[in-house]
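Spelled out, the chains give:
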Amino acid sequence: MKRFVKWCVEFHSWWNIRQSRKSLLFAVIVTLSVVATVILSFPLNAQINLPRSLRWATPTPASELRGVWLTNIDSDVLFERDRLKESLQRLDQLNFNTIYPAVWNWGYTLYPSKVAAKVIGRSLDPTPGLKGRDILKEIVDVGHQKGLTVIPWFEFGFMAPVDSLLAKNRPQWLTSRSDGTRIVKDGRDNRVWLNPFHPEVQQFIQDLIIEIVRNYNIDGIQFDDHFGLPSELGYDAYTVALYKKEHRGQAPSKDSQDPEWVSWRANKITEFMKRVFKTIKATKKNCLVSVAPNPQRFSYDFSLADWQKWERLGIIEDLVLQIYRDDLNVFVSELEYPEVKAAKSHIPVSVGILSGLKNRSVPMQQIQTQVQKVRDRNFAGVSFFFYESLWNMSKEKPQERQIGFQKIFPTPTAYPNLLTGWKPFS
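These lines cover the structure that appears in this document, whether it is placed above or below. Note that the structure is a prediction, hence the values are computed from the model and not measured. (Residues numbered from 1 in each chain as written. Predicted model: local features only at pLDDT ≥ 70, side-chain atom pairs only at ≥ 80, totals over all residues. Heavy atoms only, no water.)

Examining the pattern of salt bridges
Then, number 1: Applying the stated criterion to the full structure yields 19 salt bridges.
Then, number 2: Two residues, E138 and R81, come together in a salt bridge whose shortest N-O distance is 3.0 Å. Placement of E138 in helix α5 (residues 135–145) and of R81 in helix α3 (residues 81–93) is noted, with a sequence separation of 57 residues between them.
Then, number 3: With a relative accessible area of 47%, R81 lands in the partly exposed category.
Then, number 4: The closest approach of N and O atoms between E138 and R133, which form a salt bridge, is 2.7 Å. Each of the two residues, E138 as well as R133, counts as buried. (Salt bridge = Lys/Arg side-chain N within 4 Å of Asp/Glu carboxyl O. Helix = DSSP H or I, 4+ residues; strand = E, 2+ residues; numbered from the N terminus. Buried < 20%, exposed > 50% of the residue type's maximum accessible area, 1.4 Å probe, protein only.)

Description of the side chain of Q296
Then, number 1: Structurally, the position occupied by Q296 is in helix α10 (residues 296–303).
Then, number 2: The contacts of Q296, once residues within four sequence positions are left out, are A305, D306, W307, Q308 and E339. (Contact = heavy atoms within 4.5 Å.)

Here's the deal with the nonpolar core
Then, number 1: Formed by 114 residues in total, the largest nonpolar core has its most connected members in F204, I205, I209, F223, I280 and F384.
Then, number 2: Among residues more than four places away in sequence, those in contact with I280 are I209, I210, V213, I221, F223, K285, C287 and V289.
Then, number 3: Of all hydrophobic cores here, the second largest spans 5 residues; its members include Y235, L242, Y243 and W264. (Core = buried A, V, L, I, M, F, W, Y, C linked by side-chain atoms within 4.5 Å.)

Observations concerning the sheet that holds strand β7 (residues 184–186)
Then, number 1: Taken together, 3 strands build an open sheet; the order of strands is β6-β8-β7 and the sheet is antiparallel. Because the sheet does not close on itself, it has two edges, and the strands there are β6 (159–161) and β7. Here the average twist between neighbouring strands, direction ignored, is 50 degrees.
Then, number 2: In this sheet, strand β8 (residues 189–193) lies alongside β7 in antiparallel orientation, the contact comprising 3 bridges. Across the sheet, the residue bridging to V184 is R191, located in β8. (Pairing = 2+ DSSP bridges. Axes fitted to C-alpha atoms, helices over the stretch in contact; angles between N-to-C directions.)

Some points on unusual backbone geometry
Then, number 1: Here F385 and F386 are connected by a cis peptide whose omega angle stands at 5 degrees.
Then, number 2: Looking at the secondary structure, you find F386 in the loop between β15 (381–385) and α15 (387–391).
Then, number 3: The phi angle at N95 is positive, at roughly 70 degrees, despite the residue not being glycine.
Then, number 4: As for its position among the elements, N95 is in the loop between α3 and β2 (98–101).
Then, number 5: Take N95: its relative accessible area is 3%, and that puts it in the buried class.
Then, number 6: Phi at R248 is positive, roughly 50 degrees, even though this residue is not glycine.

Here we look at the layout of surface pockets
Then, number 1: Considering only enclosed or pocket space, the largest pocket measures out at about 1,300 Å³ in volume.
Then, number 2: Sorting the residues of the lining of the largest pocket by element identifies β7, β8 and α10 as the ones contributing at least two each. (1 Å grid on protein atoms, 1.4 Å probe; cavity = no way out; pocket = protein on both sides within 12 Å on 5 of 7 lines; lining within 4 Å. Points joined across faces, edges and corners; volume = space filled by probe spheres on them.)

Structure representation (structure tokens):
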């Protein structure tokens, strides 16, 4: 009987404790449900402006490049001070951490340039929205206030509009095909190309780059395939004479894809890239050199930009591979090439993803899937081309798109910087 009474007492105590715990657990669940319901009932702007600790709470990598290119082509983001400031603020709220603003487009600089004034006759792009402004300084100041990494982008490289002041004032700087023609179609636009083998052209481009590196508190500088040359070009008098000088009087092949002719021109561009890298580092050693090319086969064969060699030579510190593909199988296959894997073991390699174009909407589902494929393979991050198409050029509503990016980047994370101890993902 004593044992039975003792058991009854112990059972009663255990039951009370169990009931108390269940009550506590129920109270916690109810509280969390209420908080979640309130948060999710807010409009997107309210959600985005919540303290970071109350935003979407899913695991986030220790570091990940989350970038976007800002351009003045099919985009108004740069043409008004308040719009630019609000755009950078929104990127920060959505946990982006890197911006690549264009600084050299349409044959003009997008910042006040003494170098451009001397060579072109204008120190700044004449678009009214840029007059009296230094958008690069605005981007650096506001971007750094928001914790964004700022890496200016030489979008046009050696390319220029056919009717630009630069092309008109320096016709001797232009290169041509074997038949003497110069115009290259870029979509619906007519372009010409500065000769990347001409010493005066090289000095001009290098002077523009160093002007930015010296005068602005930037985190890096970025080039792409336009730092090469369409392989159909290179038959101007200067380049042909240089080739003959180095080949015992033999002229280059009329076949623009002749392997030796391609290799010779690509190696000349590589030599220039090496000089630019050394000069940047001599000016500001902590300025990262970034390149955003197409996959190697296209980049080398058709743009003479041998980024695989640049990476092996150590003159790239940040690689953002442009893989603008709708077909998921093709997209994934581009991530698996040996030169890509080799680069990943050496430097941060991220993937450029197309978020849309003026007349080409890319659905958020495709963007999210591609980001996941990139993450599955331990790349350093992603960057989107381009800002305006993130949510302003889509068939989906801007609010839906922003919620989509909020899900991709739920919490903040650091920029994967090679200079601050970045290591390859295992």
